[in-house]
Amino acid sequence: MIRRTVLPTRPPAALLAAAVLTTGLLSGCTGAPAAEPAPPGAADRPVTVTSCGHEVTVTEPPSEVVTLNQGATEVVLALGLADQLAGTAYLDDAVPPRWRAAYDAVPVLSAEYPTNEQLLAAGPDFVYASYASAFEPAVAGSQEDLAAAGVGSYLSPFGCPEAGDRPGASFEAVWGEVEDVATALGHPEAADRLRAEQEDRLADLEEEAAGSGLDVVWWDGGTRSPNVGAGEGGPQLVLDAVGADNVFGDLDGSWAEGSWEDVLAADPDVIVLVDAAWDPAADKRAYLESDPVLSRLTAVRERHYAVVPFSESTAGVRLVDGAASLADQLGELGLAG
């Protein structure tokens, strides 16, 4: 529901005058009364954040936030701000156990995108999405229309409709989005905490270098020709974090169309299977093992697979989880450097 502030009625003039006189007498005798402490971050309001060319100014921290993609939802959960959520939507895979209880306490508006009517029924005062498709008329409506209705909104920079507005994939860019969201929601200090935690984990992974010397194919999906992790996105960041070599790292973009011929020629040490609700890792493994040619790959014959959830392969707060999970799996396979 939308929360509305009820303004106090104006006191009668006589009472107001008496109050002023009393205050003056007290200040003359005992000094001015101590000021009420300001709420956290009050001195920094209003705040303005910008992404994809859209600027939003927030005068008070929103209390009825709706997130329309899993990546956006998990940013809010990672910041510890689930109590400001009024609704979520559209999971790609499972929410991690450490956030599950907080997630379960928030209404799920729809398994995928809610209708515009479902969204409005949640009474949002702020809408946050990972992909521009969330701001289609049938869902949230345009960000400009939301602003006209007094509802703030934020689109992940990685989801900007114009390619030129998207940042290159990097942990710095991920933390920039986290900082924007934490600022808009009134808790910038939460972004500092999260960044420090992730920097520490990345430093440990770099020192461990579990993937050192390993050639890896990152298979996102597709059987006629494989859609693979390329050299400029989340998969590359994960592989870099563990020190592994990406067979398709010379391709542009986050993901790209590879070829089975190149996979066969590379004969990788490990194949990463992306696990998503619409394309499970188990189906990919079954395809590799049933194909008369691909089944001859060393990684297939020796079952050198690593499974990474889709949400740990896209630019967001779970990329570090993906790197840590991959490092652990390489160790379990006996391949860690």
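Scroll up a little and you will see the structure.
To keep things clear, this report deals only with the structure shown in the data block. (Residues numbered from 1 in each chain as written. Predicted model: local features only at pLDDT ≥ 70, side-chain atom pairs only at ≥ 80, totals over all residues. Heavy atoms only, no water.)

## Here's the deal with the overall build of the protein chain
The line we're drawing: Under the DSSP-based scheme used, a helix requires at least four consecutive residues in state H or I and a strand at least two consecutive residues in state E, with every element numbered from the N terminus. A 1.4 Å probe rolled over the protein chains alone gives each residue an accessible area, and that area as a share of the maximum for its type sets the label: buried under 20%, exposed over 50%, partly exposed in between. Here a residue-residue contact requires only that any non-hydrogen atoms of the pair lie within 4.5 Å. Method for areas: the Shrake-Rupley scheme with a 1.4 Å probe, in which residue coverage is limited to the protein chains shown.
Summing up its helical and strand segments, the protein chain has 12 helices and 13 strands in all. Taking all 337 residues of the protein chain together, the buried fraction comes to 45%. Pairs at least 24 residues apart make up 61% of the contacts formed inside the protein chain by residues separated by at least 6 positions. Looking at the protein chain as shown, the accessible area adds up to about 16600 Å², and 54% of this sits on carbon and sulfur atoms.

## Here's the deal with the sheet that holds strand 7 (residues 152-155)
Put simply, the rule is: When DSSP finds two or more bridges between two strands, those strands count as paired. Every axis corresponds to a line fitted to the C-alpha atoms, with the helix fit spanning only the stretch in contact, and the corresponding angles, defined between N-to-C directions, vary from 0 to 180 degrees.
With parallel pairing, the five strands of this open sheet are ordered in space as 5-4-3-6-7. Every other strand in the sheet has two partners, leaving strand 5 (108-110) and strand 7 as the edge strands with one partner each. Geometrically, the sheet is characterised by an average inter-axis angle of 20 degrees between neighbouring strands, direction not taken into account. Against the sheet, helix 2 (residues 70-78) makes contact with strand 3 (65-67), strand 4 (85-89) and strand 6 (126-129), and its axis sits at roughly 145 degrees relative to strand 4, the strand it touches most.

## Considering the side chain of N69
Quick reminder of the rule: Definition of a polar contact: a pair of N or O atoms within 3.5 Å, with one able to donate and the other able to accept a hydrogen when the atoms are protein atoms, and with sequence-neighbouring residues admitted only if both atoms are side-chain atoms.
Relative to the elements of secondary structure, N69 occurs in the loop between strand 3 and helix 2. According to the relative accessible area criterion, N69 is buried, its value standing at 4%. Polar side-chain contacts of N69 include one of 3.1 Å to the side chain of Y113. Of note is the side chain of N69, whose polar atom sits 2.9 Å from the backbone nitrogen of S130. Once residues lying within four places of it in the same chain are set aside, the contact partners of N69 are A89, Y90, Y113, A129, S130, Y131 and A134.

## Here's the deal with the pattern of salt bridges
We apply this condition: For salt bridges, the criterion is a side-chain nitrogen of Lys or Arg within 4 Å of an Asp or Glu carboxyl oxygen.
For the coordinates displayed, the defined rule picks out 12 salt bridges. Here E199 ties to R195 by a salt bridge, and the two come within 3.0 Å at their closest N and O atoms. You can see E199 and its partner R195 sitting in helix 7 (residues 188-208), four residues apart, about one turn around the helix. E289 is the partner of R285 in a salt bridge, and the nearest nitrogen-oxygen pair spans 2.9 Å. Placement of both R285 and E289 in helix 10 (residues 281-290) is noted, with a separation of four residues, approximately one turn of the helix. E289 sits in the partly exposed class, given a relative accessible area of 32%. Via salt bridges that share partners, E74, D93, E312 and R318 belong to a single interconnected network.

## Things to note about helix 10
Quick reminder of the rule: By arc we mean the arc of the directions from the helix axis to the C-beta atoms, nothing more.
For helix 10, the full list of buried residues reads A281, K284 and L288. Seen along its axis, helix 10 keeps its buried residues to an arc of 60 degrees; they face one direction. Along helix 10, exposed side chains directed more than 90 degrees from the buried face belong to A282 and S290.

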